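# Residue-level structure breakdown
Read off the chains here:
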Amino acid sequence: SQTIHQWPATLVQPVGSPLSLECTVEGTSNPNLYWYRQAAGRGLQLLFYSVGIGQISSEVPQNLSASRPQDRQFILSSKKLLLSDSGFYLCAWSRRDTQYFGPGTRLTVL
Amino acid sequence: QQQVKQSPQSLIVQKGGISIINCAYENTAFDYFPWYQQFPGKGPALLIAIRPDVSEKKEGRFTISFNKSAKQFSLHIMDSQPGDSATYFCAARSGSSNTGKLIFGQGTTLQVKP
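As a starting point, this report considers the structure included with it. (Residues numbered from 1 in each chain as written. Chains lettered and ligands numbered in written order. Predicted model: local features only at pLDDT ≥ 70, side-chain atom pairs only at ≥ 80, totals over all residues. Heavy atoms only, no water.)

### Some words on the overall build of chain B
- Summing up its helical and strand segments, chain B has zero helices and 11 strands in all.
- N-terminal to C-terminal, the α/β element order of chain B is β-β-β-β-β-β-β-β-β-β-β.
- Its C-alpha atoms give chain B a radius of gyration of 14 Å, near enough to 13 Å, the size a compact globule of 114 residues would have.
- Across its three principal axes, chain B shows a C-alpha extent of roughly 45 × 30 × 20 Å.
- Within chain B, the fraction of its 114 residues that count as buried is 46%.
- For chain B, the proportion of contacts with a sequence separation of at least 24, taken over those separated by at least 6, is 54%.
- Carbon and sulfur atoms provide 48% of the accessible area of chain B, an area that totals close to 5600 Å².
- One finds the centroid of the 12 positive side-chain charges in chain B at a distance of 5 Å from the centroid of its 7 negative side-chain charges. (Helix = DSSP H or I, 4+ residues; strand = E, 2+ residues; numbered from the N terminus. Rg over C-alpha atoms; globule rule 2.2 N^0.38 Å. Buried < 20%, exposed > 50% of the residue type's maximum accessible area, 1.4 Å probe, protein only. Contact = heavy atoms within 4.5 Å. Areas by Shrake-Rupley, 256 points an atom, 1.4 Å probe, with all protein chains shown as cover. Lys, Arg positive; Asp, Glu negative; His and termini not counted. Charge placed at Lys NZ, Arg CZ, Asp CG, Glu CD.)

Following this line, the structure appears as structure tokens:
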């Protein structure tokens, strides 16, 4: 069966510090991968998606970047965090129809 | 045209009642319509999904009703229970894309009172 992991689960970072969130998927190959952000009490905002290694599409111009160094690894990064980067970050994978979400990372920027 | 509009934003239902959440879309290229359930602090989980070639799909207490001509679909939760209290998202996917991108509604927070 397929499993999706995200870490860390929670993170508190100062403004201006770098960020690296990691997502890995097990039990499938060549998945589509996605990064979402969810502000408190809000909907799901798609940030990036990837259909293959090294292929990244950005949905929203912002302070973040994404990379896919391996087939089942997706990384979300920032060089300098802003207060507005706080939120719940969700990674998801799909093959064919359904997207499956990871457990999420709660990021607080102070 | 890429939007999915979801209503209501919040919903309070008594235990045993029926919860109904509605979604509407414009893009006729959408060919897959899932619903997700999200508990606080957790990632969304697929609840039930439908394709436009059927008008209704039922799984346990959860039913999707689909009206292709009106471009609307809804989630019905029968015999609602306090454990159903969560945020629900509808979504749609364009069949013309190989990216698998889903367009999500804004979510409905459901509270089921005991």
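### A few points about the layout of surface pockets
- Put simply, the largest pocket is a space of about 440 Å³.
- What lines the largest pocket is a set of 23 residues, among which Q38, G41 and R42 of chain A together with T87 and T109 of chain B lie closest to the centre.
- Those elements that provide at least two residues to the lining of the largest pocket are strand 9 (86–94) and strand 11 (108–113) of chain B.
- Across the lining of the largest pocket, the residue classes break down as eight nonpolar, 13 polar and two charged. (1 Å grid on protein atoms, 1.4 Å probe; cavity = no way out; pocket = protein on both sides within 12 Å on 5 of 7 lines; lining within 4 Å. Points joined across faces, edges and corners; volume = space filled by probe spheres on them. Nonpolar A, V, L, I, M, F, W, Y, C, P; charged D, E, K, R; others polar.)

### Quick look at the state of the cysteines
- Following the criterion strictly, the structure yields two disulfides over all chains and no others.
- The partner cysteine of C23 of chain A in its disulfide is C91 of chain A, sulfur to sulfur 2.0 Å. Classification of the bridge connecting C23 of chain A and C91 of chain A rests on its S-S torsion, roughly -75°, and on that basis the disulfide is left-handed. Of the two residues, C23 of chain A is situated in strand 3 (residues 19–26) and C91 of chain A in strand 9 (residues 87–95); the sequence distance between them amounts to 68 residues. There is no split in this pair, since C23 of chain A and C91 of chain A are both buried.
- There is a disulfide in this structure between C23 of chain B and C90 of chain B, and the S-S distance comes to 1.9 Å. Of note, the bridge from C23 of chain B to C90 of chain B carries an S-S torsion of about -95° and is left-handed in sense. Of the two residues, C23 of chain B sits in strand 3 (residues 19–25) while C90 of chain B sits in strand 9, which places them 67 residues apart along the sequence. For the residue pair C23 of chain B and C90 of chain B, the accessibility class agrees, reading buried in each case. (Disulfide = S-S within 2.5 Å.)

### Considerations on the interface of chain A and chain B
- On the side of chain B, 18 residues touch chain A, which itself brings 22 residues to the contact.
- Roughly 1500 Å² is buried in total at the junction of chain A and chain B, and carbon and sulfur atoms are behind 51% of that figure.
- Joining chain A to chain B, the criterion identifies one salt bridge.
- Residue classes in the side of chain A that touches chain B are distributed as 10 nonpolar, seven polar and five charged. (Buried area = accessible area lost by both parts, 1.4 Å probe. Salt bridge = Lys/Arg side-chain N within 4 Å of Asp/Glu carboxyl O.)

### With respect to a nonpolar patch on the surface
- Among the surface-exposed residues, I18, I20 and M78 of chain B lie close enough to one another that they form a single nonpolar patch of about 240 Å² accessible area.
- With respect to the helices and strands, I18 of chain B occurs in the loop between strand 2 (10–14) and strand 3. (Patch = residues over 30% accessible without salt bridge, like charges linked within 9 Å, V, L, I, M, F, W, Y side chains within 5 Å.)

### Some details on the packing of aromatic side chains
- Summed over the entire model, instances satisfying the criterion amount to 18 aromatic pairs over all chains.
- Pairing Y36 of chain B with F104 of chain B gives two aromatic rings, centres 5.7 Å apart and planes at 55°, and the pair type is tilted. One end of the pair, Y36 of chain B, is in strand 4 (residues 30–38); the other, F104 of chain B, is in strand 10 (residues 102–104), with 68 residues separating them in the sequence.
- Among the aromatic residues, ring-to-ring pairing joins Y34, Y36 and F101 of chain A together with Y36, F89 and F104 of chain B into one connected group. (Phe/Tyr/Trp six-rings, centres within 6.5 Å; stacked < 30°, edge-to-face > 60°.)

### Structural notes on the sheet that holds strand 1 (residues 4–7) of chain B
Residues and elements named next belong to chain B.
- Ordered in space as 1-3-8-7-6, the five strands form an open sheet in which the pairing is antiparallel. In this open sheet, the two strands that pair with only one neighbour each are strand 1 and strand 6 (56–59). Across the sheet, the mean angle separating the axes of adjacent strands is 15° when strand polarity is ignored.
- Two strands pair when backbone bridges link them, and strand 7 (residues 62–67) and strand 8 (residues 72–77) are joined in this way by six bridges, in the antiparallel orientation. Bridging from a neighbouring strand, N67 pairs with Q72 of strand 8. (Pairing = 2+ DSSP bridges. Axes fitted to C-alpha atoms, helices over the stretch in contact; angles between N-to-C directions.)

Purely spatial values, then, with no claim about function.
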